[in-house]
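# Fold and contact review
Here is how the chains run, residue by residue.
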Amino acid sequence: MKKYEPQTIEPKWQKAWQRQDVYKTDDDKNKPKFYALEMFPYPSGEGLHMGHVRNYSIGDVVARFKRMKGFRVLHPMGADAFGLPAENAAIQRGVNPREWTLNNMKRIREEQARLGISYDWDRYVGTCEPDYYRFSQWLFLLFYERGLAYRKQAAVNWCPNCSTVLANEQVEDGRCWRCDAEVEKKELEQWFLKITDYADKLLEGLDRLPKWPEKVKAMQRNWIGKSKGAEITFTIPELGDEKVSVFTTRPDTLYGVTYMVLAPEHPLVPQLIQGKPNEETIRRFVKTMQNESELARTGSDVEKVGYDTGAVAKHPLTGEDVPIWVANYVLMDYGTGAVMGVPAHDERDFAFARKYDLPIRRVIFPFGTYDPDEKLEAAYTSEGVLDHSGPFNGLSNKEAMRKIPEHLQEKGLGGPTVSYRLRDWLFSRQRYWGCPIPIVYCDSCGVVPVPKEELPVMLPEDVVFDGKRNPLTTSETFVHTTCPSCGGKARRETDTMDTFIDSSWYFLRYTDPHNEEIPFAADKANEWMPVDYYIGGIEHAVLHLLYSRFVTKVLHDAGMVNADEPFTHYFPQGMVLKDGSKMSKSKGNVVSPMEIIERYGADTARMFILFAAPPDRELDWSDSGVEGSYRFLNRVWRMVQQHAGLFSNRPQAKPEDEAAKALYRQLHQTIKKVSDDIGERYQFNTAISAVMELVNAIYAYPEEADRGTLAEAVEKTVLMLAPFAPHMTEELWSQIGGEGSVHAQAWPMFDEKALVQDEVEMVVQINGKVRDKLVVPVSADKDAIEKLAMEQDRIQHFLDGKTIRKVIVVPKKLVNIVAN
Ligand code: ANZ
Ligand code: ZN
């Protein structure tokens, strides 16, 4: 009997698959399509970790299963190859970022191949390659033409550690998403992409993604942060009735306004404080605030600080004077940068009014009886009825939310509006290892886009990495250029694109990876898009997934692809833990995938990782679990060796004896379960355990029972395990004389008739005590069952000398005889 030696058979089959192009994308248009995609890795110098292995194993099982089910499957891979680590390696160790990256890409590709993942390598995409990034530039120009890319001077997030700006999405709790340094504010002129134009489309699209986790959709909705409310115009008499608008979600509380607050950066502040007693103090306050991060200003534990400007605004409906303050908690880039203070009905305003001794005026009261002059101990934020609100008294606050804005609109004092938390995508980075923005500045022509025929704008090599400035600015050959429009002297944009652009369209490039004219042809993209099953970490719930949705929608609007959502089904796999905590270098609990593969083989690693937990749950790495998976594969191996002889002259299955009937039924139940578990429920662990039970049944199958049924069970076990353990099953398939690759076989069908059980076991009780068991045809009626129960020797024995009072038959379950 041959021994199971994964170290020999795995490389052997990997070479054979490559030679025979087994995983080349099938373009038979008669087949339905399936696009299976795993997030491509960042090629760090570390190689693959177990999180990758889990990610790819899930995608590979699905891709292989769908192929066997008769789909044409697109299952590509690539590398998200631009980014800071390459540049940091250049600064710290003087290595060339490109070489560093390409080496890492090579290593990761080899490791992915060693895992036996069924990628179509011919479609490999590396985002740092000029033949990819020229089309990132092409897309930037498309955005620019469509008015979706613009330059603006703005207070932007600045990471002092990475010395570059960051998009809002890349600031997590006030810190850099990459290095965790506290983010600062800086005034800079930068490129932005107008994602805010797509806020409503991005929200609406979420409602058409039933296969996305609710949690992820909620995070995106939250991030977009659509608030319905009103804009209300106050006027400032001392500035010649200059208008100042506030944004509020509670226009019903308008009569409760006792002050107004402007953001420190609000453009009216300098005029308002001129010559006022607080002028100097406020000027200094404004300066400090400009450099403070959003978190430092608005965090829940941050003390609210404000100053009275000494100026007043006129209330739009009562005409009363309302003092104008500036305070840290009002942000310039939300709503209008100005708020109306309603301390009676807003907790934050209540605290502020208490602190600065501002009046509190209540205008919403509980339904029913109330005391209109009751003093409040806290803000009243519930529903209620309006009072002290002029002509609106007596309305419910819900009605007032509609009526007050309508009334204001009629009088030209504002009206209903919506506000979004989403900001435009800050797109510039002052870094080298990214995609150059294809723009030229000319003294006579201004901002000039590089013509598409001249792309790519190549990253230059003559740069200095000293960690003190953007290396691109040090390249003479890059910076100095000629204007594409007038031919005069011009200067190149030295900002590169946020590397998140690279991963925002790579899934489209895979559909047409060798196109040299355009990013991808519409017919190719439409053949495959949208991605049917996308697997990757939940840390991308907002960043990558939001940007990809945005870019896809823009390309859809530009007529480049029919799909307006890129991913039909997004599946975030659970984390891989060791001893209950995340595997990480700092904890010293990293299990290296390559070591496991060397020791047990890739099939065991894949099998373990899919078997040890449902795919969305955390998975605790365990050495004994790995051993267990290895033992199971050995058990399958030995089982096939034992019965390989059957296949030289294979008998037809004739499941007529009891044992054969039972095995036949279990086989077909297993096929049904495994098909549903993989194809419908994406639950791989339960699929594997069903196959394990089937293997047990095959081991227990008696010598004398039907050999044909046994052969069928053995063969189909091999087929069902093919997506999980692709190498071993390929080897076994060849041993049992299978034709071609096991991965090119049709997935086994189940026999519907075999699933129906024709007999059931029932218990027979006497006075509630189980006395016997019966096997009856499922079709038997109550009378027949009762008769059969009474005929049993054991039952007759127990009933001896007793009188039968009653017989209760519960079909398929039990017979209870009441006797005394
Ligand atoms: C008056 C009011 C009364 C408010 C009340 C709330 C309760 P969301 O849901 O987040 O959109 N606000 C508006 N612009 C702001 C800014 N730039 N910086 C800080 N706060 C701002 O919240 C909108 C509410 O947040 C607005 O409604 C406003 O306070 C405040 F009983 O106006 B409200
Ligand atoms: Zn010019």
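Residues numbered from 1 in each chain as written. Chains lettered and ligands numbered in written order. Predicted model: local features only at pLDDT ≥ 70, side-chain atom pairs only at ≥ 80, totals over all residues. Heavy atoms only, no water.

Right, let's get into the nonpolar core. Membership of the largest hydrophobic core comes to 184 residues, with the highest contact counts inside it found for Phe140, Trp425, Phe550, Trp621, Phe684 and Phe724. A domain split of this core shows at least three residues from each of domain 1 (139-223 + 425-499) and domain 3 (581-755). Counting residues in each nonpolar core, the second largest holds 41 residues, with Met260, Ile273, Tyr380 and Ile404 among its members. (Core = buried A, V, L, I, M, F, W, Y, C linked by side-chain atoms within 4.5 Å. Buried < 20%, exposed > 50% of the residue type's maximum accessible area, 1.4 Å probe, protein only. Domains from an automatic or database assignment.)

What follows deals with the coordination of the zinc ion (ligand 2). Only Cys442 (SG), Cys445 (SG), Cys483 (SG) and Cys486 (SG) from the protein coordinate the zinc ion (ligand 2), and they sit 2.0 to 2.6 Å from it. In this structure, the zinc ion (ligand 2) is coordinated by four donor atoms arranged in tetrahedral fashion, with angles at the metal of 98 to 121°. On the primary sequence, the residues serving as donors to the zinc ion (ligand 2) are separated as C-x2-C-x37-C-x2-C. Note that Cys445 is positioned in the loop between β21 (439-442) and β22 (446-449) and Cys483 in the loop between β23 (480-482) and β24 (489-492), a separation of 38 residues in sequence. Exposure remark for Cys445: the relative accessible area of 33% places this residue in the partly exposed category. (Donors = N, O, S within 2.8 Å, 3.2 Å for Na, K, Ca; no water. Tetrahedral: all angles 85-135°; square planar, octahedral: opposite > 155°, others 65-115°. Helix = DSSP H or I, 4+ residues; strand = E, 2+ residues; numbered from the N terminus.)

The geometry of a pair of packed helices is captured by two quantities: the angle between their axes and the separation between those axes. It is the contact of helix α19 (residues 623-643) with helix α21 (residues 684-699), at a shortest axis distance of 11 Å, that shows an interaxial angle of 40°. Considered as vectors, α19 and α21 are oriented oblique to each other. The interaxial crossing formed by α19 with α21 has left-handed handedness. Judged by residue contacts, Phe632, Arg635, Val636, Arg638, Met639 and His643 of α19 engage Val691, Met692, Val695, Asn696, Ile698 and Tyr699 from α21. Of the residues in the contact of α19 with α21, the class split is eight nonpolar, two polar and two charged. (Axes fitted to C-alpha atoms, helices over the stretch in contact; angles between N-to-C directions. Parallel < 35°, antiparallel > 145°, perpendicular 65-115°, else oblique. Left-handed = near helix turned anticlockwise from the far one by under 90°. Contact = heavy atoms within 4.5 Å. Nonpolar A, V, L, I, M, F, W, Y, C, P; charged D, E, K, R; others polar.)

Before going further, it helps to spend a moment on helix α25 (residues 782-791). Residue pairs spaced three or four apart in an α-helix point in one direction, given the helix's 3.6 residues per turn. Among the residues of α25, those classed as buried are Ile785, Ala789 and Met790. Here the buried residues of α25 occupy an arc of 130° about the axis, which is enough to place them on one side. Of the exposed residues in α25, the ones pointing more than 90 degrees away from its buried face are Asp783 and Lys787. Residues of α25 that are buried make contact with β31 (759-766), β32 (769-777), α26 (793-799), β33 (804-810) and β34 (814-819). (Arc of directions from axis to C-beta.)

This part is about the site of ligand 1. Looking at ligand 1, there are 17 residues lining it, with Ser227, Thr248, Leu331, Tyr334 and Arg421 nearest. Separating a nitrogen atom of ligand 1 from a backbone N or O atom of Leu331 is a distance of 2.7 Å. Within the side chain of Tyr334, a nitrogen or oxygen atom sits 2.4 Å from an oxygen atom of ligand 1. In isolation ligand 1 exposes 650 Å². Once the protein is present, 85% of that is buried. Tallied by class, the residues present in the shell around ligand 1 amount to eight nonpolar, five polar and four charged. (Near = heavy atom within 4 Å. Polar contact = N/O pair within 3.5 Å; in protein donor to acceptor, adjacent residues only side chain to side chain. Areas by Shrake-Rupley, 256 points an atom, 1.4 Å probe, with all protein chains shown as cover.)

Applying the stated criterion across every chain yields a total of 45 salt bridges. Among the ionic pairs, Glu214 bridges to Lys217, the shortest N-O distance being 3.2 Å. Taken as a pair, Glu214 and Lys217 lie in helix α7 (residues 214-224) at a separation of three residues, close to a single helical turn. Residues Arg361 and Glu320 are paired through a salt bridge, measuring 3.2 Å at the closest nitrogen-oxygen approach. Placement of Arg361 in the loop between α11 (347-356) and β16 (364-365) and of Glu320 in the loop between β13 (306-314) and β14 (321-327) is noted, with a sequence separation of 41 residues between them. Sharing partners across several salt bridges, the network here consists of Glu204, Arg208, Arg549, Lys553, Asp564 and Glu565. (Salt bridge = Lys/Arg side-chain N within 4 Å of Asp/Glu carboxyl O.)

Judged by side-chain polarity, Ile808, Val810 and Val818 come together as a nonpolar surface patch covering roughly 180 Å² of accessible area. As for its placement among the helices and strands, Val818 is situated in strand β34. On the basis of relative accessibility, which here comes to 30%, the residue Val818 falls in the partly exposed class. (Patch = residues over 30% accessible without salt bridge, like charges linked within 9 Å, V, L, I, M, F, W, Y side chains within 5 Å.)

Further remarks concern the sheet that holds strand β19 (residues 425-426). If you trace the four strands from one edge of the open sheet to the other, you get β6-β5-β9-β19, paired in antiparallel fashion. Across the chains shown, the open sheet's two edge strands, defined by having one partner strand only, are β6 (164-166) and β19. Relative to β6, strand β5 (residues 149-159) runs antiparallel, the two being bridged by three bridges. Looking at the pairing, Trp158 lines up with Val165 of β6. (Pairing = 2+ DSSP bridges.)

You can see Asn157 is positioned in strand β5. Here Asn157 falls in the buried class, since its relative accessible area comes to 9%. In this structure the side chain of Asn157 is engaged in a polar contact, spanning 3.4 Å, whose partner is the side chain of Lys185. The residues touching Asn157, leaving out its near neighbours within four places in the chain, are Thr164, Val165, Leu166, Ala167, Asn168, Val171, Val183, Glu184 and Lys185.

With that settled, consider the state of the cysteines. With the rule as written, the count across this model stands at zero disulfides. The cysteine Cys159 is free of any disulfide, with Cys179 supplying the nearest cysteine sulfur at 3.6 Å. The structure places no disulfide on Cys435, whose sulfur is separated from the nearest cysteine sulfur, that of Cys128, by 11 Å. (Disulfide = S-S within 2.5 Å.)

The next thing to look at is the domain arrangement of the protein. Along its sequence, the protein is carved into domain 1 (139-223 + 425-499), domain 2 (227-419), domain 3 (581-755) and domain 4 (759-819). Just the C-alpha atoms count here: the centres of domain 1 and domain 2 sit 36 Å apart. With five residues of domain 1 in contact, the opposing surface of domain 2 contributes six residues. The tally of links between domain 1 and domain 2 comes to zero residue pairs in polar contact (both at pLDDT 80 or more). A per-class count over the side of domain 1 that touches domain 2 returns one nonpolar, one polar and three charged.

The residue after Leu455, namely Pro456, is reached through a cis peptide bond having omega 0°. Residue placement: Pro456 occurs in the loop between β22 and α13 (476-479). Looking along the chain, the bond that leaves Met529 and enters Pro530 is cis, with omega of -5°. Secondary-structure assignment places Pro530 in the loop between α15 (522-528) and β26 (533-535). Phi at Asp21 takes a positive value of approximately 55°, unusual for a residue other than glycine. With respect to the helices and strands, the residue Asp21 is situated in the loop between α1 (6-20) and β1 (33-38). With a phi angle near 50°, Asp173 is a residue other than glycine that sits in the positive phi range. Residue placement: Asp173 occurs in the loop between β7 (171-172) and β8 (175-176). The exposure class of Asp173 is exposed, given its relative accessible area of 65%.

Burial of β24 is one-sided: the residues Ala490 and Arg492 facing one way are buried, the residues Lys489 and Arg491 facing the other way are not. Two elements, β21 and β24, share three bridges in a ladder whose sense is antiparallel. Bridging from a neighbouring strand, Tyr441 pairs with Arg491 of β24. Where β23 lies against β24, three bridges are found, and the strand directions are antiparallel.

On the surface, a cluster of negative charge is made up of Glu99, Glu461, Asp462 and Glu476. Inspection of the secondary structure puts Glu99 in helix α4 (residues 97-114). Looking at Glu99, the relative accessible area reads 54%, which means it is exposed. (Lys, Arg positive; Asp, Glu negative; His and termini not counted. Charge placed at Lys NZ, Arg CZ, Asp CG, Glu CD.)

Either a parallel or an antiparallel arrangement is found when strands of a sheet pair, and the pairing is made through backbone hydrogen bonds. The sheet built from four strands is open, its strands ordered β2-β1-β26-β27 with parallel pairing. If you trace the sheet from one side to the other, it starts and ends with β2 (72-74) and β27 (570-571), each paired once. Relative to β27, β26 runs parallel, the two sharing two bridges. Within β27, the residue paired with Ile535 across the bridge is Phe571.

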